[in-house]
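# Fold and geometry: a report
Listed below, chain by chain, are the residues.
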Amino acid sequence: MSQLPEEVLADILSRLPVPPLLRFRCVSFSWRALIDGPDFIKLHLNRSIEARTNRGLILREDNHLFAADLDSLHGSVVVQPEQIDHHPLWCQDYGIEVWGSCNGLVCLSNSLDTLTLWNPSTRRSRRLPYASIEFQYPSRNHEIRIYGFGHDIVSNDYKVVRIVKIKGVDDDSFDYEVKVYSLRSKSWHRAGKFPRYRSLKRTAGVLASNALHWVVTEESEIPMADLISLGGCLSLLCNYFLDRVDVWVMRDYGVKESWSKLFSVAQSSVIRPFHYVRPVTYSRSGGEVLMEQDSSKLIWYDLKQKRVKNATVRGLKELTQAEVWVGSLVPARWRC
């Protein structure tokens, strides 16, 4: 192997998952330099994304996180997720929330508003500095904080967006403050003014086409629609209660005429009635979509046969959240 040209060795190693790559760093100084290099990290990441390999699921049950290999959810094998007790915000008393993943990095927060970028594959993380709320609002009565996370391909920078909705004593008294954390500068800065919509759904920002998206309305009621990212495309989930769920995809980003219905899941197509389903990701072949049903189970929807089958996961009493992530060597710090 030592006689192989470096580009051939890099091509071979880039097809492997992260755990053996971390072990192979100990083979020699040259192997370590290769595997730690930004060119190899990018090559390995791009190959995993294009081939839909090295993908896992982070499953949240209340304050606990579990990990499962995505491909193992196919077939009749019962999957036993592994509890993650090494993540940087692990503490039973302060809760945990997952605000998205990008290129192998996962954004976590707890009830103390501590934020961390974490690579589950390498177990490396970076805790973000605290960002105070600068905006002063008279009769401030309540705060809602939500986050979004992604990679800005224009500036080659990983960023976290924090939106704080500040509410007064009545529904007409509210405003927003937006701050953005840059991994490159290791600092927060105040962003431009957020559109003043009455209702902002408390969900993570949806990353698609190099932008983060949230659902907002002028009405006080939360809409029965969600934005998701499916196959890198901005998608809309429309829930018709106790009837069906429609999934729409924007094929050409920013062109409203390019919205097309990808599929519908009717009550009659599943084993038991559901209140809600949410697509998580495509299968490796692209012929099936993994979906979270009623915060209790995972199911596969076959796009061609229009049929549902269970993804059997054992050991979870309640499925609070399912987030897909790709195993990568991307460091939780900025690298040029």
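Calculation notes
- Residues numbered from 1 in each chain as written.
- Predicted model: local features only at pLDDT ≥ 70, side-chain atom pairs only at ≥ 80, totals over all residues.
- Heavy atoms only, no water.
- Buried < 20%, exposed > 50% of the residue type's maximum accessible area, 1.4 Å probe, protein only.
- Helix = DSSP H or I, 4+ residues; strand = E, 2+ residues; numbered from the N terminus.
- Pairing = 2+ DSSP bridges.
- Domains from an automatic or database assignment.
- Contact = heavy atoms within 4.5 Å.
- Buried area = accessible area lost by both parts, 1.4 Å probe.
- Polar contact = N/O pair within 3.5 Å; in protein donor to acceptor, adjacent residues only side chain to side chain.
- Nonpolar A, V, L, I, M, F, W, Y, C, P; charged D, E, K, R; others polar.
- Salt bridge = Lys/Arg side-chain N within 4 Å of Asp/Glu carboxyl O.

You'll find the protein chain entered in an unreviewed UniProt entry as F-box domain-containing protein, with Actinidia rufa given as the organism.

## Description of the pairing of strand E1 (residues 55-61)
Among the 7 residues in E1, 7 count as buried, and that is most of the element. On E1, burial covers both faces: Arg 55, Leu 57, Leu 59 and Glu 61 on one face and Gly 56, Ile 58 and Arg 60 on the other are all buried. The pairing of E1 with strand E24 (residues 321-326) spans 6 bridges and is classified as antiparallel. Along E24, the bridge assignment pairs Arg 60 with Gln 321. The pairing of E1 with strand E2 (residues 64-69) spans 6 bridges and is classified as antiparallel. Note on E2: the bridge partner recorded for Arg 60 is Leu 65. Hairpin connection, E1 to E2: the antiparallel pair is bridged by 2 residues, and Asp 62 has positive phi, about 55°.

## Quick word on the domain arrangement of the protein chain
According to the domain assignment, the protein chain consists of domain 1 (1-51) and domain 2 (52-326). When each unit is reduced to the centre of its C-alpha atoms, the spacing between domain 1 and domain 2 is 30 Å. On the side of domain 2, 8 residues touch domain 1, which itself brings 11 residues to the contact. Overall, the association of domain 1 and domain 2 removes approximately 710 Å² of surface from exposure, summing both partners, and the carbon and sulfur fraction of that is 56%. On the domain 1 side of the contact with domain 2, Leu 45, Ser 48 and Ala 51 bury the most area, a combined 55% of that side's loss. Put simply, domain 1 and domain 2 have 5 residue pairs in polar contact (both at pLDDT 80 or more) between them. For the side of domain 1 that touches domain 2, the elements supplying multiple residues, two or more each, are helix H2 (18-24) and helix H4 (38-51). Considered class by class, the residues forming the side of domain 1 that touches domain 2 number 7 nonpolar, 2 polar and 2 charged.

## Overview of the pairing of strand E10 (residues 174-182)
Taken across its 9 residues, E10 has 9 buried, putting it largely inside the fold. Covered by surrounding structure in E10 are Phe 174, Tyr 176, Val 178, Val 180 and Ser 182 together with Asp 175, Glu 177, Lys 179 and Tyr 181, the residues of both alternating faces. Where strand E9 (residues 157-167) and E10 come together, 9 bridges link them in antiparallel fashion. Bridge pairing in E10 places Ile 166 opposite Asp 175.

## So, the pattern of salt bridges
In this structure the tally under the stated criterion is 18 salt bridges. Asp 11 is the partner of Arg 47 in a salt bridge, and the nearest nitrogen-oxygen pair spans 3.1 Å. Of the two residues, Arg 47 is situated in helix H4 and Asp 11 in helix H1 (residues 6-13); the sequence distance between them amounts to 36 residues. Residues Arg 25 and Asp 36 are paired through a salt bridge, measuring 2.8 Å at the closest nitrogen-oxygen approach. Note that Arg 25 is positioned in the loop between H2 and helix H3 (29-36) and Asp 36 in helix H3, a separation of 11 residues in sequence.

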